[in-house]
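# Overview (structure and organization)
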Amino acid sequence: MPVRVSMDRNAVKMRIQAASEKALRETMGQILSDCNEFVPNDHGVLRDSSESHSYVMSFFGETELRLVWSTPYARYLYYGLLMVDSVTGSAWSKKGGMKVLTDKPLHYAKGCKIWCEKAREMYNEDWRLIYQNAFKRHMR
């Protein structure tokens, strides 16, 4: 006896996207925590900025995690190279001044440059498992 199966592909796609977005939101907290372990830390402002500016975004069926450290000096610290005013050559710059990279490395008392890559090297498999388990749970 033949069996006929019909499926609403659009509904399946929407369910997968919703589960993926929820799983990514759950995983984001752990990823931020692990990345912030390596953020250069003085008063915690840079670290704290990531918690209020990072987000999960869905766009044309793609779900993406955006990690954002939103301080005026975040890029400067992330790449670990001294930036100086393009006019004066000073590390200090007036508001609105343009800074340029030098080849002089920064030295950190706590944390390191390119902190997301360092965290990914150490925790990528953990993140994958957290996401995978959350995705399975949301697909039920």
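Structure: above.
Here goes a summary of the coordinates provided. Computed from a predicted structure; not experimentally measured.

So, on to a nonpolar patch on the surface. There is a patch of nonpolar side chains on the surface, built from Met7, Val12 and Ile16 and spanning about 260 Å² of accessible area. Mapped onto the elements of the fold, isoleucine 16 is located in helix α1 (residues 9-36). Overall, isoleucine 16 belongs to the partly exposed group, its relative accessible area being 38%.

Applying the stated criterion across every chain yields a total of 6 salt bridges. We note a salt bridge from arginine 137 to glutamate 26, for which the minimum N-O separation is 2.2 Å. Residue arginine 137 is found in helix α4 (residues 115-139), and its partner glutamate 26 is found in helix α1; the two are separated by 111 residues along the sequence. A relative accessible area of 41% means that arginine 137 is categorised as partly exposed. Judged by relative accessible area, which is 36%, glutamate 26 ranks as partly exposed. Note that arginine 47 is salt-bridged to aspartate 48, the shortest N-O span being 3.2 Å. For arginine 47, a relative accessible area of 27% puts it in the partly exposed group.

Among the secondary structure elements, threonine 71 is positioned in the loop between β2 (62-66) and α3 (74-79). Using a relative accessible area of 15% as the deciding quantity, one classes threonine 71 as buried. Polar side-chain contacts of threonine 71 include one of 3.2 Å to the backbone nitrogen of alanine 74. The residues contacting threonine 71, other than those within four sequence positions of it, are Val45, Leu46 and Ser49.

Glancing now at the packing of aromatic side chains. Tallying each qualifying case throughout the model produces 5 aromatic pairs. One aromatic cluster in this structure is built from Trp69, Tyr78, Tyr79 and Trp115. Here the guanidinium or amino end of lysine 99 rests over the ring plane of tyrosine 76, the centre of that ring lying 5.5 Å away.

About the cut-offs
- Residues numbered from 1 in each chain as written.
- Predicted model: local features only at pLDDT ≥ 70, side-chain atom pairs only at ≥ 80, totals over all residues.
- Heavy atoms only, no water.
- Patch = residues over 30% accessible without salt bridge, like charges linked within 9 Å, V, L, I, M, F, W, Y side chains within 5 Å.
- Areas by Shrake-Rupley, 256 points an atom, 1.4 Å probe, with all protein chains shown as cover.
- Salt bridge = Lys/Arg side-chain N within 4 Å of Asp/Glu carboxyl O.
- Helix = DSSP H or I, 4+ residues; strand = E, 2+ residues; numbered from the N terminus.
- Buried < 20%, exposed > 50% of the residue type's maximum accessible area, 1.4 Å probe, protein only.
- Polar contact = N/O pair within 3.5 Å; in protein donor to acceptor, adjacent residues only side chain to side chain.
- Contact = heavy atoms within 4.5 Å.
- Phe/Tyr/Trp six-rings, centres within 6.5 Å; stacked < 30°, edge-to-face > 60°.
- Lys NZ or Arg CZ within 6 Å of the ring centre and 35° of its normal.

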